[in-house]
Amino acid sequence: MGNSSDLLDKILNHGPSQGTIHVILTEMKRQGHTYKVIQECNKALDRYPNDVFLRNLLAESYLETGLIGLADAEAAEVAVELDALVSVYKMQGRILAKQKRFHESSASLRRYLAIHPNDQEALDLLHELTPAE
């Protein structure tokens, strides 16, 4: 590893913030240090087990190194976390509709409905907004 990698290693070894870990591991992956990224992601996930970004980076790194089963397991964890958060698009759709920002509201509701296509409340709200577009 070069000077840049040595510096990144030193930062990782001194308990960086969660955001700093994201930046460093993304850069290390960009530089091609995928196995080191896997190692560091696993260490970071011990401290931040619900960090979707780290899990996604780990899944990508596993995939790049041919560890398909591990990539699949991490991707499944990310999908569960994201599914729990996708309801924010429905809430955002309601907020934007109240602000009479109908086009933006429709877009948010469509994102939500891509994951939850049978949510009748979201479908009804989208139907109400359609003539306003």
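As the structure is a prediction and not an experimental result, all values here were calculated from the model.

(A) Region of the structure containing the overall build of the chain. In terms of helices and strands, the chain carries eight helices and zero strands. Taken from the N to the C terminus, the helices and strands of the chain come in the order α-α-α-α-α-α-α-α. Counting across all 133 residues of the chain, residues that qualify as buried make up 36%. Contacts in the chain between residues far apart in sequence, at least 24 positions, make up 44% of those at least 6 positions apart. Here the chain displays about 8100 Å² of accessible surface, and carbon together with sulfur accounts for 56% of that area.

(B) Structural view of the environment of Leu 58. By the secondary structure assignment, Leu 58 is in helix H4 (residues 52-64). A residue is classified by how much of its surface remains accessible, and Leu 58, at 0% relative accessible area, is buried. Along the primary structure Leu 58 and Gln 39 are separated by 19 residues, whereas in three dimensions their C-alpha atoms are 9.0 Å apart. When neighbours within four sequence positions are excluded, Leu 58 is seen to be in contact with Ile 38, Cys 41, Asn 42, Leu 45 and Glu 74.

(C) Structural detail: the nonpolar core. In terms of nonpolar packing, the biggest core is built from 15 residues, with Ile 21, Leu 25, Cys 41, Leu 54 and Leu 58 touching the most fellow members. If you list the elements that add at least two residues to this core, you get helix H2 (18-30), helix H3 (34-47) and H4. Looking at this core, the element that brings in the most residues is H3, giving five residues. The contacts of Cys 41, once residues within four sequence positions are left out, are Leu 25, Leu 54, Leu 57 and Leu 58. Among the nonpolar cores identified, the runner-up in size contains nine residues, and Ala 97, Leu 109, Tyr 112 and Leu 113 belong to it.

The rules behind these values
- Residues numbered from 1 in each chain as written.
- Predicted model: local features only at pLDDT ≥ 70, side-chain atom pairs only at ≥ 80, totals over all residues.
- Heavy atoms only, no water.
- Helix = DSSP H or I, 4+ residues; strand = E, 2+ residues; numbered from the N terminus.
- Buried < 20%, exposed > 50% of the residue type's maximum accessible area, 1.4 Å probe, protein only.
- Contact = heavy atoms within 4.5 Å.
- Areas by Shrake-Rupley, 256 points an atom, 1.4 Å probe, with all protein chains shown as cover.
- Core = buried A, V, L, I, M, F, W, Y, C linked by side-chain atoms within 4.5 Å.

Interpretation in functional terms is not warranted from these geometric data alone.
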